[in-house]
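# Geometric and topological summary
Residues per chain, in single letters:
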Amino acid sequence: MGWNPFATIAETVDTSPKVSDEVKQTTCYMCACRCGINVHLRDGRIRYIEGNRAHPVNKGVLCAKGSAGIMNHYSPARLSTPLRRVGPRGSGQFEAISWEAALATAVDWLGAIRRTDPRKLAFFTGRDQSQALTGWWAQQFGTPNYAAHGGFCSVNMAAAGLYTVGGSFWEFGEPDWERTRYLMMFGVAEDHDSNPIKIGLGKLKGRPADARAKFVSVNPIRTGYSAIADEWIGIRPGTDGLFVFALIHELLRADRVDLDFLVRYTNAPWLVVQDAGSARDGLVARDDAGHPLCWDRRADAIANALLPEVVPALAGEFALPDGRRAVPAFQLLAQRYLDARYSPEAVAAATGVPASTIRRIAAELAHAAFDQQITVDVPWTDWAGRRHDRFIGRPVSMHGMRGISAHSNGFHTCRAIHLLQILLGSIDCPGGWRYKPPFPRNVPPALRPAGRSDQVAAGQPLAGLPIGFPLAPEDLLVEADGTPSRIDKAYSWEAPIAAHGLMHMVIANAHKGAPYPIDTLFLFMANMSWNSAMNTAGTMAMLTDKDASTGDYKIPRIIYADAYFSEMVAYADLVLPDTTYLERHDCISLLDRPICDADGAADAIRQPVVKPDRDVRPFQDVLIDLGARLGLPGFVNADGAPKYPGFYPDYLVHHERRPGIGMLAGWRGKSGEREIVGEPNPDQLARYVAHGCFWRHELPEHERYFRHANRDYLRWAADVGFVARVEQIVLQIYCEPLQRFRLAAQGHGSAQPPDHLRARIEAQFDPLPLWYTPLEEAAVDTDEFPLHAITQRPMAMYHSWGSQNAWLRQIHGRNKLHMHRKTAGRLELADDDWAWVISHHARIKVQVKLMDGVNENTVWTWNAIGKRKGAWNLAADALESEGGFLLNHVISELLPPRSDGHRWANSDPITGQAAWYDLRVRVEKAAPEEAGETYPAFATLPPAPNLKPRPSVLRYGAAFRGRAE
Ligand code: SF4
């Protein structure tokens, strides 16, 4: 046979070649989602990352960020050695020092504080996923001045949920992706819960025609998930609460609420005292034993509302045994939301959502909930021992996140969404929104914060955890004269339910020395001079400001721990370099914020997949080492020897928070035979590694729904310590703790707010959700600042880590200010024009980009792209510095002065949540000669000692090329 030029050449393409000589499994940390990953190694270097198909979070799915973790790991921005400041603070002048020297310095500073006044340490951490350790460390140290990232981010969502339904969105609960027929998402961009939402939306979109689900996204901007929604509601920022109330108005008006659910599972029938002017007004009427009362229609008498046999009334006015009058909470609810001010017509102009749309959505919700009811034919038993032969589901689910949370009216908005879910009966039912264990928790939450000066003592641990949930003014952390006990003023009258602290106020308060001066600010992984700060220029000035009389810095000492040369490094006196997430152990614990799903409890670890090639240490190891060197209780044995000589891995296995309860739930007991509760198992980490670095307990089918009232689930949850008692968790449409604060503001009780806060507490601590104009909008002239300005997180990046990642930078190397074409037309702006964005606080210069999918009153940009020149070991002329910018520069941590001269924090008045999205601006076209570079630009930071040189051409992978596999 000769050569045939027409023969087909058989090509074989190996779609899955062997690329590695070793694969190690761990947990991704390129965002907060915590997917399982397989890290492929070649010659000891990371070659490739793929999703772990067996992992409960991502089931093999990996996003762009996750696969680009390689570039975070090999980033030239990685710190290489401990550093001591040698030049003026902020100059970026450091010398490399040994770990022994660094730890000795830290022990010297911290030891002196602990021996005298532990409050003088302010210890705040960023998005670090190890709060079970850091919070406990702060408690053992004795300082109340501790919190993590939550106050920045979504504490409104968490607190509102915990005070209402004992759970919330994201780590607390999820839509029933398999069965829901109607999904509403509020204020969700690409952020937390990234891959699970994508997988879930994929499931919705892939349904057959006869089981289709509708996905409605409520968001001022049509990016990310909103871009694939069946309906996008481009709402005006900060008005989601009004929109939800109009939906509730319509549902009540049409008598389309689940009264059976309200009677069975909520405090809707509880009688609320109506005695205006008295100290009991608005509180729940209770019997002598403290049981809430209702009107039992069967007995025609007042009765204990918790008894299973009562048939309670939801409306009417009743006389209590002491003669006072009372009405069911539901009646107050119905009266409020049936009011004409919440009609679709009344809210249409403010929200930007047409009345007809609101009416249609309300009808669609009711249709999905009540006309498309579903059942799961699994018998179950409720809290009272009543057998049910099936679970009945109202297949409407909801999810909300930062877009609703990061407003000064966000707490009430988040509660409003839960109220809507409750009225539809779609809490923890088939097709609805479902708890993720260990939720539901008891409502209201059980833990109170500690931190008043009588709970702090030199050389002693704090008399409780620094973070908790106040239920009344007596639980606040204020001194006898009303002064806040904490440096961030959390749990004071300025933010009574500040369940995650007010990290955005720490530097400003410490600089002012109000409520008292501190000595050392200890930060971990929180870029507090840049993209985690409001008022960036002012913050940098505060960090470097000196006391004229002493010549000392007003914040005397700053210790900073980070893996990277972020903007904050330049402001530290002592830098403790952390590893990357691929070089250390981590723990995603049930004691913290675990990776559970609605059908099961789960936790996970990270294991080191490569050894550090620099003089760096895992921060958790460093914290445990510092704890032992400082002799903190819990970190040393009776003889003073370190309790965890093997550092964090040792602690993960052997630390017990309570007998049998430790950081990890899987493979407990001497030989790994126990789950959640059991003795420490020396082999536990090896068992996790052998199992892909995660553990999961699947709930039996009869424990998967109505867990707030499901006896078998509650028994198990009490056995493993998730709930305090086997009793029904009553969902709280009426939030009595808020009324206690309001009564104090009316002058009742001995714990009294300061006069300048009295009116706002009385107005805003409403036990039923309410809406008020966001505080910045109310404080500025809206003609002068007519636009809302907000950020969105891009798919490819998470915080500032992503925008220094060599691969991800190629997707978002710079950011622009996006605005609606019509808005741009009015301002005579075209694509790529330069413009000034001006707030009441400052101004920035940016380039604009026009689009259609945005609310006309709103401008927006991607989050955390802009970089300070020289930071992150990027070139001084990097696109991120010359073309990137932050909205942070124009956001102030304080609102404009009030008539009495007082300036309120830019926060939700209930929780202290940072109100990032309240920002109001105007946009002005820049002069032609102003085009070319974003403003402001700050002095270029010199590189830190021992940073690896940044390559001018990235040659990652060249060494792998041409190798026979
Ligand atoms: S979603 Fe987050 S945790 Fe999951 S792979 Fe992407 S970056 Fe990693």
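Structure first, text after, so check above.
Residues numbered from 1 in each chain as written. Predicted model: local features only at pLDDT ≥ 70, side-chain atom pairs only at ≥ 80, totals over all residues. Heavy atoms only, no water.

## Quick word on the overall build of the protein chain
On a plain count of helices and strands, the protein chain comes out with 27 helices and 36 strands. Here the C-alpha radius of gyration of the protein chain, 28 Å, is about what a compact globule of 965 residues would show, namely 30 Å. Based on the C-alpha atoms only, the size of the protein chain along its principal axes is roughly 95 × 85 × 70 Å. A buried classification covers 65% of the 965 residues belonging to the protein chain. A separation of at least 24 residues holds for 70% of the contacts in the protein chain among residues at least 6 apart in sequence. On the protein chain, roughly 32,800 Å² of surface is accessible, and the fraction owed to carbon and sulfur atoms is 51%. (Helix = DSSP H or I, 4+ residues; strand = E, 2+ residues; numbered from the N terminus. Rg over C-alpha atoms; globule rule 2.2 N^0.38 Å. Buried < 20%, exposed > 50% of the residue type's maximum accessible area, 1.4 Å probe, protein only. Contact = heavy atoms within 4.5 Å. Areas by Shrake-Rupley, 256 points an atom, 1.4 Å probe, with all protein chains shown as cover.)

## As for the packing of aromatic side chains
Following the criterion strictly, the structure yields 41 aromatic pairs and no others. Where Phe524 meets Phe619, the ring centres are 3.9 Å apart and the plane angle is 20°; that geometry is what we call stacked. Placement of the pair is Phe524 in strand E23 (residues 520-524) and Phe619 in helix H18 (residues 619-629), with a sequence separation of 95 residues. Judged by its relative accessible area of 2%, Phe619 falls in the buried class. An aromatic cluster of three or more residues is present, and its members are Phe123, Trp137, Phe141, Tyr146, Phe522, Phe524 and Phe619. The side chain of Arg119 reaches across the aromatic face of Tyr516, ending 4.1 Å from its centre. The ring of Tyr29 has Arg606 lying over it, and the distance from NZ or CZ to the ring centre is 4.0 Å. (Phe/Tyr/Trp six-rings, centres within 6.5 Å; stacked < 30°, edge-to-face > 60°. Lys NZ or Arg CZ within 6 Å of the ring centre and 35° of its normal.)

## Some details on the layout of surface pockets
Put simply, the largest pocket is a space of about 1,400 Å³. The wall of the largest pocket is formed by 45 residues, among which Arg441, Leu447, Leu465, Phe469 and Leu591 lie closest to the centre. Put simply, the parts of the chain that give the lining of the largest pocket at least two residues each are helix H4 (131-141), strand E7 (146-147), helix H6 (155-164), strand E28 (656-658) and strand E29 (661-662). It is H4 that contributes the most residues to the lining of the largest pocket, four residues altogether. Within the lining of the largest pocket, the residues separate by chemical class into 30 nonpolar, nine polar and six charged. (1 Å grid on protein atoms, 1.4 Å probe; cavity = no way out; pocket = protein on both sides within 12 Å on 5 of 7 lines; lining within 4 Å. Points joined across faces, edges and corners; volume = space filled by probe spheres on them. Nonpolar A, V, L, I, M, F, W, Y, C, P; charged D, E, K, R; others polar.)

## Some thoughts on the nonpolar core
Grouped together as the largest cluster of nonpolar side chains are 287 residues, with contacts concentrated most on Leu110, Trp137, Met184, Leu365, Met398 and Phe522. Ranked by the residues each element gives to this core, the list is headed by helix H9 (residues 240-253), at nine residues. In contact with Met184, other than residues within four places in its own chain, are Val216, Val218, Phe243, Leu247, Ile361, Leu365, Ser397, Met398 and His399. (Core = buried A, V, L, I, M, F, W, Y, C linked by side-chain atoms within 4.5 Å.)

## Focus: the site of the ligand
Contacts to the ligand come from Cys28, Met30, Cys31, Cys33, Arg34, Cys35, Leu62, Cys63, Lys65, Gly66, Ser194 and Asn195. Elements that contribute at least two residues to the shell around the ligand include exactly helix H1 (64-67) and helix H7 (194-205). Of the residues that constitute the shell around the ligand, the class distribution is seven nonpolar, three polar and two charged. (Near = heavy atom within 4 Å.)

## Some details on the side chain of Ser130
With respect to the element layout, Ser130 can be found in the loop between strand E6 (121-125) and H4. Classification of Ser130 by relative accessible area gives buried; the value is 2%.

## Focus on empty space enclosed by the protein
Evaluated as defined, the whole model comprises 11 cavities of 30 Å³ or more. By volume, the largest cavity amounts to about 360 Å³. Surrounding the largest cavity, 29 residues form its lining, His149, Phe152, Asn531, Ser532 and His799 being those nearest its centre. Residue assignment for the lining of the largest cavity shows that the elements contributing at least two residues are helix H5 (150-153), strand E24 (557-562), strand E31 (787-792) and helix H25 (799-802). In this structure, the second largest cavity spans a volume of roughly 180 Å³. In this structure, the second largest cavity is lined by 21 residues; those nearest its centre are Gly187, Gly403, Thr791, Gln792 and Tyr917.

## With respect to helix H23 (residues 755-764)
Those residues of H23 not exposed but buried are Leu757, Arg760, Ile761 and Gln764. Buried residues of H23, seen end-on, are gathered within an arc of 105° and therefore sit on one face of the element. Structural note: H23 exposes Asp755 and Ala759 on the side pointing more than 90 degrees away from its buried face. Buried residues in H23 make contact with helix H15 (410-423), helix H22 (736-745) and helix H24 (775-779). (Arc of directions from axis to C-beta.)

## Details of the environment of Glu701
One can find Glu701 in the loop between strand E30 (694-698) and helix H21 (711-719). In the structure, Glu701 is positioned 64 residues away from Asn637 in sequence and 44 Å away in space, judged by C-alpha atoms. If we ignore the near neighbours within four places in the chain, the residues touching Glu701 are Val378 and Phe391.

## Looking at the pattern of salt bridges
Counting across every chain of the model gives 66 salt bridges. When the shortest N-O distance is used, the salt bridge between Arg341 and Asp339 registers 3.5 Å. Given a relative accessible area of 49%, Arg341 falls into the partly exposed group. Linked by salt bridges that have partners in common, Arg434, Asp597, Asp599, Arg696, Glu698 and Arg704 make up one network. (Salt bridge = Lys/Arg side-chain N within 4 Å of Asp/Glu carboxyl O.)

## What to know about the environment of Ser800
Looking at the element boundaries, Ser800 is found in helix H25. Expressed as a C-alpha distance, the spacing of Ser800 and Ile761, which sit 39 residues apart in the sequence, is 36 Å. The residues touching Ser800, leaving out its near neighbours within four places in the chain, are Asn527, Asn531, Ala864, Lys867 and Trp872. Polar contacts involving the side chain of Ser800 include one to the side chain of Asn531, which spans 3.4 Å. (Polar contact = N/O pair within 3.5 Å; in protein donor to acceptor, adjacent residues only side chain to side chain.)

## Some details on the sheet that holds strand E33 (residues 834-838)
Pairing in this closed barrel of six strands is mixed, and the strands run E31-E35-E32-E34-E33-E36 around the ring. Strand-to-strand, the axes of this sheet are offset by a mean angle of 45°, without reference to chain direction. Inspection of the sheet shows E33 paired to strand E36 (residues 920-925) by four bridges, in the antiparallel sense. Each bridged residue has a counterpart across the sheet, and for Val837 the counterpart in E36 is Val923. (Pairing = 2+ DSSP bridges. Axes fitted to C-alpha atoms, helices over the stretch in contact; angles between N-to-C directions.)

## Here's the deal with the pairing of strand E14 (residues 301-304)
Examined bridge by bridge, strand E13 (residues 293-296) and E14 share four bridges and lie antiparallel to one another. When the bridges of E14 are listed, Cys294 appears paired with Ala303.

## Examining the sheet that holds strand E2 (residues 36-42)
Strand order in the open sheet formed by three strands is E1-E2-E3, and the pairing between neighbours is antiparallel. Edge positions in the sheet fall to strand E1 (22-27) and strand E3 (45-51), since each of these pairs with one other strand and no more. Taken pair by pair, the neighbouring strands of this sheet meet at an average axis angle of 30°, ignoring direction.

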